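Structure at a glance
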Amino acid sequence: MRKLIVTMRAELEVPDDWELVRHPSGISVLKVGDQFVDFDLAPLATTSSDPDAEWTDTNVEVVGKVLDCVVGLDSDLEFIIHH
């Protein structure tokens, strides 16, 4: 068995009233109104080799197989404020 490491980085421009908070479970999350938001791995699949193919998570079997292989996942959230 081989190990695959997926590194993802996303930058979001968010409204000033969104906050980073510690959820009672102990993880840092984004608070949007009364909702706690965390980020997760969402595998997307297609059967098309078309460059404009539609990628979705609707193939539950394939998505499940990929998610079953995940042995660790971590996300780090931080605000960078530019003045």
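As a reminder, the structure under discussion sits directly above these lines.
Residues numbered from 1 in each chain as written. Predicted model: local features only at pLDDT ≥ 70, side-chain atom pairs only at ≥ 80, totals over all residues. Heavy atoms only, no water.

**Describing the overall build of the protein**
- When helices and strands are counted, the protein shows one helix and three strands.
- Each helix and strand of the protein, placed in order from N terminus to C terminus, yields the pattern β-β-β-α.
- Dimensions of the protein, computed from C-alpha atoms along their principal axes, come out at roughly 45 × 30 × 25 Å.
- Put simply, 34% of the contacts in the protein that link residues at least 6 apart link residues at least 24 apart. (Helix = DSSP H or I, 4+ residues; strand = E, 2+ residues; numbered from the N terminus. Contact = heavy atoms within 4.5 Å.)

**Re the layout of surface pockets**
- By volume, the largest pocket amounts to about 2,000 Å³.
- Along the walls of the largest pocket sit 43 residues, with M8, R9, A10, F39 and S75 positioned nearest its centre.
- When residues in the lining of the largest pocket are grouped by element, the largest group, three residues, is from helix α1 (residues 60–68).
- Here the lining of the largest pocket is built from residues that sort into 29 nonpolar, four polar and ten charged. (1 Å grid on protein atoms, 1.4 Å probe; cavity = no way out; pocket = protein on both sides within 12 Å on 5 of 7 lines; lining within 4 Å. Points joined across faces, edges and corners; volume = space filled by probe spheres on them. Nonpolar A, V, L, I, M, F, W, Y, C, P; charged D, E, K, R; others polar.)

In short, geometric facts, not functional conclusions.
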